Structures are given as C-alpha cells and as structure tokens.
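Results of the structural survey
Residue strings, one per chain:
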Amino acid sequence: MCLTPYCIDNPYYQSRSPTIRQIKDTDSSKIMVPCGHCSVCLRLRQAYFVQRVQCEAFDHDIWSCMLSYNNKYLPTIVVNGYKHKYADIHDIQLLIQRLKKRKDFPPFHYFAVSEFGHERHRPHWHLLFFTPKVPNESQSSLYSREKTYWKIVLSEWYVNLGSKRKPIKDPLLTYKCLSNGKRNYDFRYVDPH
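Everything quoted here is computed from the prediction, not taken from an experiment. (Residues numbered from 1 in each chain as written. Predicted model: local features only at pLDDT ≥ 70, side-chain atom pairs only at ≥ 80, totals over all residues. Heavy atoms only, no water.)

So, about a nonpolar patch on the surface. A grouping of Phe49, Phe111 and Val113 is seen on the molecular surface, where their side chains present a nonpolar patch of about 220 Å² in accessible area. Here Phe49 lies in helix 2 (residues 39-56). A residue is classified by how much of its surface remains accessible, and Phe49, at 33% relative accessible area, is partly exposed. (Patch = residues over 30% accessible without salt bridge, like charges linked within 9 Å, V, L, I, M, F, W, Y side chains within 5 Å. Areas by Shrake-Rupley, 256 points an atom, 1.4 Å probe, with all protein chains shown as cover. Salt bridge = Lys/Arg side-chain N within 4 Å of Asp/Glu carboxyl O. Helix = DSSP H or I, 4+ residues; strand = E, 2+ residues; numbered from the N terminus. Buried < 20%, exposed > 50% of the residue type's maximum accessible area, 1.4 Å probe, protein only.)

Below, the structure is given as structure tokens:
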C-alpha cells in the first residue's frame, strides 16, 4: 500500500458501460492512486521487473552485460558551468540495431539500464539479453556461446566515424581487467537456479 497516495477525479465515475461497471469503481467521484515515488511504490515496481525476468527465464537464456565508455567518447553536457557525464541512449539503440542484423547472434529481447558508478560516478550501462533456449544444451555448450557472444557484443560497441557505405569503426570501449578483478566490460550467462 502506497505511503503517500493522492486523490484524483475518477474517469469512470457514473459510467453507463456494463463492462466498465463490472471491473471499475463507477460510484466514487474521487479515487486514491499511488504516488510512484515512495519506498513501497519503488519496491513494487522493482518486484514487477523481477517477475518479468523470472517469466522470461522459463523459455529463454539470460545474459548479463555491462558496458562502459573510453574517456574519449564519454558523453558530457555543460550545465551552469559544470560538466556532467551521462550514458547516451543512442549508443545502446545503435548497438541493438547492429546485433539484430548479425546472423551469428540469435534473436533476442533486452532490458537496459544506465547507472553511475559508486566511486567515480562514471556512467555505464547494464543490459539483460534474453535469447531462446537451445533444447537439451549442455553447460559446456552454453559457456561456449557465452564466449562467442562476449566477443560479438564488444565488437559492436563502437562509434562510426565514417558513413554507412564506408564505416570507420572506433571502439567506444577498450577492454581492461585490473588486478583487483574489476573490468570495464562484462558479458555472462545468468543461471536462473
């Protein structure tokens, strides 16, 4: 139950439609609606996303991906004299378009979220890819696909400095793995068990 609901006019008040009368409140002139911002509303929205992912896991393999940017291509905007870095949605849209055109990458659904890092507040992307399950696939075959997809997604994360006819591909990210195990790119199979 929302902690701070607010009252609005009921759009179905005194409706004459028998279908609407069965499923909606048509007697009250005002109704209470959730705010969408309190802790309960946020937890409910998170639970809805988790439920969607769990339902996708029934007949899809889930792949988790994290993408960041090289300093050269990190999008920045200046507001009131301050530089603000952000993750550009256009980059993800181009990545998805490129992956859908590839023959060696399966058809997929995806879920993408941008985030700022904890220490340096560096913008990056988290994605979930949902690909159809391969019947009777072994774990070794699954992890083999993981390595293949790892390379494909990284190769498609680029900016085109040329034209569509003569593309000049410059990577948005140069893969680095530090000694403490931190990486600026990751692509893994998510085991739903």
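A few words on the confidence of the model for the chain. Detail in the predicted coordinates should be disregarded across regions flagged by low pLDDT. Overall, the prediction assigns the chain a mean pLDDT of 90, with 100% of residues at 70 or greater. Across the chain, the secondary-structure element scoring lowest on mean pLDDT is helix 1 (residues 18-23), at 74, and the one scoring highest is helix 3 (residues 89-101), at 96. (pLDDT = per-residue confidence, 0-100.)

Spatial strand order, 6-7-3-10: four strands in an open sheet with antiparallel pairing. Pairing within the sheet leaves two strands with one partner each, and these edge strands are strand 6 (109-116) and strand 10 (185-190). Neighbour to neighbour, the strand axes of the sheet diverge by 15 degrees on average, direction disregarded. Sheet analysis places strand 6 next to strand 7 (residues 123-132), joined by eight bridges and oriented antiparallel. (Pairing = 2+ DSSP bridges. Axes fitted to C-alpha atoms, helices over the stretch in contact; angles between N-to-C directions.)

Before going further, it helps to examine helix 4 (residues 139-156). Compared with the 26 Å implied by 1.5 Å per residue over 18 residues, the 26 Å span of helix 4 between its first and last C-alpha is a close match. Against the buried residues of helix 4 lie strand 3 (60-67), helix 3, strand 7, strand 8 (158-160) and strand 10. (Expected span 1.5 Å × (residues − 1). Contact = heavy atoms within 4.5 Å.)

Moving on to the packing of aromatic side chains. Two aromatic rings are characterised by how far apart their centres lie and by the angle between their planes. Scanning all chains against the criterion turns up 16 aromatic pairs. With a centroid separation of 5.4 Å and an interplanar angle of 65 degrees, the aromatic rings of Trp63 and Tyr189 are classed as edge-to-face. With Trp63 in strand 3 and Tyr189 in strand 10, this pair connects stretches of sequence that are 126 residues apart. The residues Trp63 and Tyr189 share a single accessibility class, namely buried. Ring geometry for Tyr69 versus Trp157: centroids 5.5 Å apart, planes at 55 degrees, classification tilted. Remark: Trp157 occurs in the loop between helix 4 and strand 8 and Tyr69 occurs in the loop between strand 3 and strand 4 (76-79); sequence separation between them is 88 residues. You'll find Tyr69 and Trp157 in the same group, each marked buried. These aromatic residues form a ring-pair network of at least three members: Trp63, Phe105, Phe108, Tyr110, Phe129, Tyr143, Tyr149, Phe187 and Tyr189. The positively charged end of Arg98 is found above the aromatic ring belonging to Tyr158, 3.7 Å away from the centroid. (Phe/Tyr/Trp six-rings, centres within 6.5 Å; stacked < 30°, edge-to-face > 60°. Lys NZ or Arg CZ within 6 Å of the ring centre and 35° of its normal.)

In this section: the pattern of salt bridges. Within the structure shown, the criterion is met by nine salt bridges. Where Lys72 meets Asp170, a salt bridge forms, and the shortest distance between an N and an O atom there is 3.0 Å. Linking Lys72 in the loop between strand 3 and strand 4 with Asp170 in strand 9 (residues 169-171), this pair joins segments that are 98 residues apart in sequence. By relative accessible area, which is 64% here, Lys72 ends up exposed. One salt-bridge network, held together by shared partners, links Asp61, Glu137 and Arg145.

For the rest of this paragraph, the subject is the nonpolar core. Across soluble globular proteins, you tend to see nonpolar side chains buried next to one another. Leu67, Phe129 and Trp157 are the most contacted members of the largest nonpolar core, which has 27 residues in total. Among the elements of the structure, strand 3, helix 3, strand 7, helix 4 and strand 10 are those that each provide at least two residues to this core. Sorting elements by how many residues they give to this core places helix 4 first, with five residues. (Core = buried A, V, L, I, M, F, W, Y, C linked by side-chain atoms within 4.5 Å.)

A few words on the side chain of Asn70. Looking at the element boundaries, Asn70 is found in the loop between strand 3 and strand 4. Residue contacts for Asn70: discarding those within four places in its chain leaves Arg122, Pro171, Leu172, Leu173 and Thr174.

Before going further, it helps to examine the pairing of strand 4. Judged from the four bridges that link them, strand 4 and strand 5 (residues 82-85) form a sheet pairing that is antiparallel. Looking across to strand 5, one finds that Ile77 is bridged to His84.

Next up on the list: helix 3. Between the first and last C-alpha of helix 3 there are 19 Å, a value that for 13 residues agrees with the 18 Å anticipated at 1.5 Å per step. In this structure, the buried residues of helix 3 make contact with strand 3, strand 6, strand 7, helix 4 and strand 8. Between the side-chain oxygen of the N-cap and the backbone nitrogen of His90 there are 3.2 Å, and the N-cap of helix 3 in question is Asp88. (Polar contact = N/O pair within 3.5 Å; in protein donor to acceptor, adjacent residues only side chain to side chain.)

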